[in-house]
Amino acid sequence: MSQNVVNQNNSLPENQDDRGAEFHFQALTPDLILDAIESLGIYPETGLLALNSYENRVYQFRSDEGLRFVVKFYRPNRWSDAQIQEEHDYALALAAEDIPMAVPVVLDGKTLHYYQGFRFTLFPSLGGRAFEVDNLEQLELVGRFIGRMHQYAGQEAFSEREPLNPQILGAEPLAWLKQSELVPTNLRVAFFTVVEQVLAKANAIWARQGFAAIRLHGDLHPGNILWTPDGPGFVDLDDARMGPAIQDLWMMLTGDRAQQLMQLEILLEAYEEFCEFDTRQLALIEPLRALRMVHYNAWIGRRWQDPAFPMNFPWFGDDKYWEQQILAFKEQLFALDEPPLSLIPY
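For every chain, the first residue of the written sequence is number 1, and numbering continues from 1 along that sequence. Where local features are concerned, this predicted model is filtered to residues with pLDDT of at least 70; where side-chain atom pairs are given and counted, the filter is 80 or more; whole-chain, interface and lining totals use all residues. Hydrogens and water molecules were not included; the side-chain quantities draw on all heavy atoms of the structure.

S.K.: Explain the sheet that holds strand 6 (residues 129-130) here, please?
M.R.: The strands making up a sheet are joined through hydrogen bonds of the backbone, oriented either antiparallel or parallel. Strands pair, by our definition, only if DSSP identifies at least two bridges between them. Segments assigned H or I by DSSP are reported as helices when at least four residues long, segments assigned E as strands when at least two residues long, and all are numbered from the N terminus. Here three strands make up an open sheet; going across it, the order is 6-8-9 and the pairing antiparallel. The sheet terminates laterally at strand 6 and strand 9 (231-234), the two strands that pair on one side only. Summarising the sheet, strand 8 (residues 225-228) and strand 9 pair through four bridges and their orientation is antiparallel. The residue of strand 9 that forms the bridge with Trp 227 is Pro 232. Between two residues, a contact is recorded if the distance between any of their heavy atoms is within 4.5 Å. Note on geometry: axes are C-alpha line fits, over the in-contact stretch for helices, and angles between N-to-C directions span 0 to 180 degrees. Of the strands in this sheet, strand 6, strand 8 and strand 9 are in contact with helix 4 (residues 136-153), which crosses strand 9 at around 50°.

S.K.: I tried to follow the environment of Tyr 90 on my own but got confused; where do I start?
M.R.: Mapped onto the fold, Tyr 90 is located in helix 3 (residues 81-96). For Tyr 90, a relative accessible area of 2% corresponds to the buried category. Taking the C-alpha atoms as reference points, Tyr 90 and Ala 240, separated by 150 residues in sequence, lie 9.1 Å from one another. Not counting the four nearest positions on each side in its chain, Tyr 90 is found in contact with Met 149, Tyr 152, Ala 153, Phe 158, Arg 215, Leu 216 and Leu 237. Whether a residue is buried, partly exposed or exposed follows from its accessible area with a 1.4 Å probe, protein chains only, as a fraction of its type maximum: under 20%, in between, or over 50%, in that order.

S.K.: Would you take a moment to explain the packing of helix 6 (residues 188-208) against helix 8 (residues 285-302) for this structure?
M.R.: Two measures define how a pair of helices packs: the angle their axes make with one another and the distance between the axes. For the pair helix 6 and helix 8, interaxial distance at closest approach is 9 Å and the crossing angle is 140°. Viewed along their axes, helix 6 and helix 8 adopt a mutual orientation that is oblique. Of the two elements, helix 6 crosses helix 8, and the hand of that crossing is left-handed. Taken together, the residues of helix 8 that come into contact with helix 6 (itself represented by Val 195, Val 198, Leu 199, Ala 202, Ile 205 and Trp 206) are Pro 287, Leu 288, Ala 290, Leu 291 and Val 294. Along the lines of polarity and charge, the residues of the contact of helix 6 with helix 8 split into 11 nonpolar, no polar and no charged. For classification purposes, angles smaller than 35 degrees are called roughly parallel, those larger than 145 roughly antiparallel, those between 65 and 115 roughly perpendicular, and all remaining angles oblique. The handedness criterion is simple: a crossing whose near helix is rotated anticlockwise from the far helix by less than a right angle is left-handed, and one whose near helix is rotated clockwise is right-handed. When residues are sorted by character, Ala, Val, Leu, Ile, Met, Phe, Trp, Tyr, Cys and Pro go into the nonpolar class, Asp, Glu, Lys and Arg into the charged class, and all the rest, Gly among them, into the polar class.

S.K.: Looking at this structure, I do not really get the sheet that holds strand 1 (residues 49-50). What am I missing?
M.R.: Pairing is antiparallel across the open sheet formed by five strands, whose spatial order is 1-2-3-5-4. Two strands lie at the open edges of the sheet, namely strand 1 and strand 4 (113-115), each paired on one side alone. Sheet topology note: the strand 3 (residues 68-73)/strand 5 (residues 118-124) ladder contains five bridges and is antiparallel. Its bridge partner lying in strand 5, Phe 69 is registered against Pro 124. Seen against the sheet, helix 2 (residues 30-38) touches strand 2 (57-62), strand 3, strand 4 and strand 5 and runs at an angle of roughly 115° to strand 3.

S.K.: Sorry, what's going on with the packing of aromatic side chains here?
M.R.: Two numbers describe a pair of aromatic rings. These are the distance of the centres and the angle of the planes. Each Phe, Tyr or Trp ring, with Trp reduced to its six-membered ring, pairs with another whose centre is within 6.5 Å; inter-plane angles below 30 degrees give stacked pairs, above 60 give edge-to-face pairs, and intermediate values give tilted ones. According to the stated counting rule, one finds 23 aromatic pairs in the structure shown. Arranged with centres 6.1 Å apart and planes meeting at 90°, the rings of Phe 73 and Phe 118 form a pair that is edge-to-face. With Phe 73 in strand 3 and Phe 118 in strand 5, this pair connects stretches of sequence that are 45 residues apart. Phe 73 sits in the buried class, given a relative accessible area of 0%. For Phe 118, a relative accessible area of 3% corresponds to the buried category. The aromatic ring of Phe 25 is capped on one face by Arg 57, whose charged end is 4.2 Å from the ring centroid. Above the ring of Phe 158, the side-chain terminus of Arg 215 is found at 6.0 Å from the ring centroid. Comment: the charge-over-ring label is applied if NZ (Lys) or CZ (Arg) is within 6 Å of the ring centre and within 35 degrees of the ring normal.

S.K.: Explain the environment of Gln 247 here, please?
M.R.: Here Gln 247 shows up in the loop between strand 10 (242-243) and helix 7 (257-271). The exposure class assigned to Gln 247 is buried, which follows from its relative accessible area of 2%. Separated by 151 residues in the primary sequence, Gln 247 and Ala 96 have C-alpha atoms spaced 23 Å apart. Whenever a nitrogen or oxygen atom comes within 3.5 Å of another N or O atom, the pair is scored as a polar contact, on the condition that within protein one atom can donate a hydrogen and the other can accept it, and that pairs from neighbouring residues in sequence are kept only if both atoms are in side chains. Within the structure, Gln 247 has its side chain in polar contact with the backbone oxygen of Gly 218 (distance 2.9 Å).

Next comes the structure, spelled out in structure tokens:
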């Protein structure tokens, strides 16, 4: 993927720094991971396969009973225990509604476990292949399940999870970037000028849209959907928040405007079999994209002391990267001035 495009497989970052977390993760040795798992009375038969996760540490294994599990160790200082538990409870509630959500394993009535200063959770390993976003039959089925998810989501609100809004996802990471020394001196004026312009337009559009906030998956990009023999399987509620329903839909729109309109029509037609969609929220797609772009840069910067980040994002400190970001934000500035996607011709 191009460096000047937001990596949709990365989680949305929170508004806290995690000083010390990188050193904490260095203590997460294979022996400690195995000891933590065995403390729950589950005994791995295979080695640990590290899965693609930068924010947390996630491993797959098979137990001596032939069951495949994923164990997730949470990054310190990110979510509170209450916020994690609310995520777990929501996943279990969705699964009880026959929505195919990966749910934590309940052991002795608990889903969140502790071992030598680490918090961790077990999940059954979902087998499946990648969701094909350009497969219209798959897209239709995904839209139907998101509609069912949102139908249930709107019945209650999160009490612990942070909301999705321009302050938390835009203003705060921008302030952090300004205080940091990440942006090269010769590019700071150009970079922060265009980012401020982008956020000003995004905030203005956001303020004009009155929408009902619901419980969201929060990070529903195609990489968080697996295709199983029974259809889609949704994973990773790590970024569950309150916000507009469109957040769980817009990251599945790809290609040019005509392609996106076709995908949107298929998604919403299936979605509305179960849940009404407020089409005014389509105006939030580009503001949400803008917020994600700002947050992406702050997320990498806040995690830079974690050895996994310089290794996986070696280009982050180069002038060329920030020059590409300036161009990307300029393009986003124009996108915010374009008419929003609409199923009604202008």
